[in-house]
Amino acid sequence: MLFYSTNHHLPHGFKEKVSFTTALLTGQAPDEGLFMPEFVPQLSENQIKGLRNQPYFKVATEILKAFLQNEIEEETLLELTRQAYTFDVPVEKVRHNPNLYIARMDAGPTASFKDFAAQIMARLMNKLKSENQKITILVATSGDTGSAIGEAFRGLDGINVVILYPKGEVSAIQRKQLTTVGENVKALEISGKFDDCQLYVKKAFSDADLQNLNLTSANSINIGRLLPQVVYYFYMYLKVAADFEEVDICIPTGNLGNAMGCELARQMGLPVRKIIVATNANHAIPEWLKDGKYQKVEPSVNCLSNAMNVGNPSNLARLFDLYGGTLDKNGLQHREPDLVKIREHITGFEVTDAQTIGYVKDFYDKNQILIEPHGAVGLFAAEKLETDNTKTIVLETAHPAKFPEVIEKELGFSPELPESLKKVINREEKKTDLEASYETFKNWLLTNIK
Ligand SMILES: *Cc1c(COP(=O)(O)O)cnc(C)c1O
């Protein structure tokens with residue numbers, strides 16, 4: 001299995017195919033496209049049913065080996081997934097609506113779904129890079145990515161992690177998570193916006209002065225983030241579906257990485273009828289699905305579900321590509337994808353902040369189940385779009401305790417911290433404050449990363 005760039009059709013596109021190792025370690029393709037597998041491996045009904053009741057790490061090995069088998073031994077993969085996945089995907093039923101299922105993606109070390117990708121990606125990078133190779137991972141984060149990546153890479157030899165986050169734009173607990181990892185993981189608090197952080201990271205990758213640092217990304221454009229996000233759809237489906245029935249899956253969406261995992265799972269053979277892409281006011285995808293014209297939201301809108309405040313979802317280039325289209329990183333469409341086909345499988349839905357807040361409270365009152373704003377966006381969309389008795393699995397992408405402000409305000413009590421977050425509370429914060437300037441950031445890198 002080799003990997004190509006989503007920009008390969010463009011006149012200056014990168015036309016070669018590379019190994020998974022190269023794609024993983026470089027992050028972005030040389031033409032600034034995103035890497036994609038050259039074909040979608042197929043699993044038969046019997047193969048999928050055979051995964052029922054298997055532990056998560058075994059399901060992960062079966063799915064990942066379909067993409068990685070010529071680069072990593074199955075034995076090794078089994079060992080890495082066993083170390084990575086020490087947590088489960090609890091699935092909850094909902095009292096007031098028997099068709100709804102909540103897949104809790106918050107049981108990992110940083111209590112967000114990003115742990116599922118980060119934990120195995122770190123181990124794969126560590127295994128697949130050459131022994132003396134030193135790499136530096138740059139992550140711009142608006143909350144959950146940074147801590148999931150930091151936690152996953154902590155203590156790994158030869159790998160530095162530098163996290164950039166915008167001052168005042170992450171919640172208190174998220175900042176605590178970002179700044180307390182320590183060791184080889186450095187936190188930079190930028191006096192700017194998330195967009196500034198993301199811009200500096202992008203600039204750094206193409207900055208010749210920084211070549212020696214072997215910079216790579218762990219943002220959701222990295223293929224090493226995408227493939228692990230295929231796995232849990234098989235796992236949760238088998239927990240919910242009785243035989244081989246079709247289900248709908250609803251995903252609170254920002255950069256579309258999570259939903260792309262679902263689309264790949266569907267194309268591999270998982271019986272998913274509809275994928276519901278639920279967004280906050282950053283509605284570029286629902287609007288595009290409606291009227292067929294893609295227009296990014298610029299600047300992005302600050303909403304309660306802050307991990308979804310993305311105006312130009314990077315992984316949309318992958319969806320375009322799977323359906324014959326080309327979209328560049330600036331959100332410019334070069335070839336039209338088959339929108340009729342896309343609409344057969346994917347539905348968009350936008351949820352306002354007011355609907356989100358109201359729903360957190362309503363859902364608790366009806367079911368005594370606590371959800372947070374990202375999950376609320378998904379559950380609200382799923383219920384609005386429900387037309388028949390098909391089961392719908394909704395992903396709750398973070399733990400409610402990561403968003404105590406909303407819960408306290410709406411429900412009048414504080415959510416209890418999971419063990420993973422309790423540990424963080426007492427750790428010492430360590431961060432470097434930097435003004436919002438690329439030059440300052442660059443100088444910091446040159447002085448501090450060896
Ligand atoms: C990152 C994140 C999302 C959005 O996921 P994408 O893959 O970017 O669509 C949703 N919810 C939470 C809690 C997140 O951390």
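Everything quoted here is computed from the prediction, not taken from an experiment.

Rules of the game
Residues numbered from 1 in each chain as written. Predicted model: local features only at pLDDT ≥ 70, side-chain atom pairs only at ≥ 80, totals over all residues. Heavy atoms only, no water. Near = heavy atom within 4 Å. Polar contact = N/O pair within 3.5 Å; in protein donor to acceptor, adjacent residues only side chain to side chain. Areas by Shrake-Rupley, 256 points an atom, 1.4 Å probe, with all protein chains shown as cover. 1 Å grid on protein atoms, 1.4 Å probe; cavity = no way out; pocket = protein on both sides within 12 Å on 5 of 7 lines; lining within 4 Å. Sits in = over half its atoms within 2 Å of the grid points. Nonpolar A, V, L, I, M, F, W, Y, C, P; charged D, E, K, R; others polar. Pairing = 2+ DSSP bridges. Helix = DSSP H or I, 4+ residues; strand = E, 2+ residues; numbered from the N terminus. Axes fitted to C-alpha atoms, helices over the stretch in contact; angles between N-to-C directions. Contact = heavy atoms within 4.5 Å. Points joined across faces, edges and corners; volume = space filled by probe spheres on them. Buried < 20%, exposed > 50% of the residue type's maximum accessible area, 1.4 Å probe, protein only. Phe/Tyr/Trp six-rings, centres within 6.5 Å; stacked < 30°, edge-to-face > 60°.

1. Notes on the site of the ligand
Here comes step 1: Among the 15 residues in the neighbourhood of the ligand, the closest are listed as Lys114, Asp144, Gly254, Asn255 and Thr397.
Here comes step 2: The contact in question runs from a nitrogen atom of the ligand to an N or O atom on the side chain of Thr397, over 2.7 Å.
Here comes step 3: Alone, the ligand offers 380 Å² of accessible surface; in the complex the protein occludes 97% of this.
Here comes step 4: Using a 2 Å cut-off from the grid points, one finds that the ligand occupies the largest cavity.
Here comes step 5: By residue class, the composition of the shell around the ligand is 6 nonpolar, 7 polar and 2 charged.

2. Notes on the sheet that holds strand 6 (residues 159–166)
Here comes step 1: An order of 8-5-6-7-15 is seen for the 5 strands of this open sheet, with the pairing classed as parallel. At either margin of the open sheet sits one strand with a lone partner, and together these are strand 8 (215–217) and strand 15 (432–435). Averaged over neighbouring strand pairs, the angle between their axes works out to 30° when direction is ignored.
Here comes step 2: As paired elements, strand 6 and strand 7 (residues 185–191) share 6 bridges and run parallel to each other. Within the sheet, the bridge partner assigned to Tyr165 lies in strand 7 and is Glu189.
Here comes step 3: Lying over the sheet, helix 8 (residues 194–205) contacts strand 5 (135–140), strand 6, strand 7 and strand 8, oriented at roughly 155° with respect to strand 5.

3. A short note on the layout of surface pockets
Here comes step 1: The calculated volume of the largest pocket comes to roughly 1300 Å³.
Here comes step 2: Around the largest pocket, the lining comprises 48 residues; the ones closest to its centre are Gln28, Gln198, Lys202, Ile221 and Lys329.
Here comes step 3: Broken down by secondary-structure element, the contributors of at least two residues to the lining of the largest pocket are helix 1 (20–26), helix 8 and strand 8.
Here comes step 4: Taken together, the residues of the lining of the largest pocket sort by class into 22 nonpolar, 18 polar and 8 charged.

4. Points about unusual backbone geometry
Here comes step 1: With omega at -5°, the peptide bond leading from Glu298 into Pro299 counts as cis.
Here comes step 2: Residue placement: Pro299 occurs in the loop between helix 12 (284–291) and helix 13 (316–322).
Here comes step 3: Positive phi is not limited to glycine here, since Asn214 has a value of about 50°.
Here comes step 4: Mapped onto the elements of the fold, Asn214 is located in the loop between helix 8 and strand 8.
Here comes step 5: For Asn214, a relative accessible area of 35% translates into the label partly exposed.
Here comes step 6: Residue Gln368 is not a glycine yet carries a positive backbone phi of 55°.

5. Quick notes on the packing of aromatic side chains
Here comes step 1: In this structure the tally under the stated criterion is 18 aromatic pairs.
Here comes step 2: The interplanar angle of 50° and the centroid separation of 5.0 Å between the aromatic rings of Tyr232 and Tyr233 together place this pair among those described as tilted. Neither residue differs from the other here; Tyr232 and Tyr233 are each classed as buried.
Here comes step 3: Where Tyr359 meets Phe363, the ring centres are 5.6 Å apart and the plane angle is 35°; that geometry is what we call tilted. Taken as a pair, Tyr359 and Phe363 lie in helix 15 (residues 353–367) at a separation of 4 residues, close to a single helical turn.
Here comes step 4: By relative accessible area, which is 1% here, Phe363 ends up buried.
Here comes step 5: Through successive ring pairs, a cluster of aromatic residues spans Tyr56, Tyr85, Phe87, Phe116, Tyr232, Tyr233 and Tyr235.

6. Points about empty space enclosed by the protein
Here comes step 1: Enumeration according to the criterion identifies 3 cavities of 30 Å³ or more in this entry.
Here comes step 2: In this structure, the largest cavity occupies an estimated 390 Å³ of space.
Here comes step 3: Looking at the largest cavity, it is lined by 32 residues, and the ones nearest its centre are Lys114, Thr145, Gly254, Asn255 and Ala307.
Here comes step 4: Of all the secondary-structure elements, those providing two or more residues to the lining of the largest cavity are helix 6 (144–153), helix 8, strand 9 (247–252) and helix 11 (257–268).
Here comes step 5: The element contributing the most residues to the lining of the largest cavity is helix 11, with 3 residues.
Here comes step 6: Looking at the lining of the largest cavity, its residues break down into 11 nonpolar, 18 polar and 3 charged.

7. Thoughts on the side chain of Thr61
Here comes step 1: Following the sequence through the fold, Thr61 ends up in helix 3 (residues 56–68).
Here comes step 2: Separated by 2.8 Å, the side chain of Thr61 and the backbone oxygen of Phe57 make a polar contact.
Here comes step 3: The contacts of Thr61, once residues within four sequence positions are left out, are Glu74, Leu77, Leu78 and Thr81.

The analysis is restricted to geometry; functional conclusions fall outside its scope.
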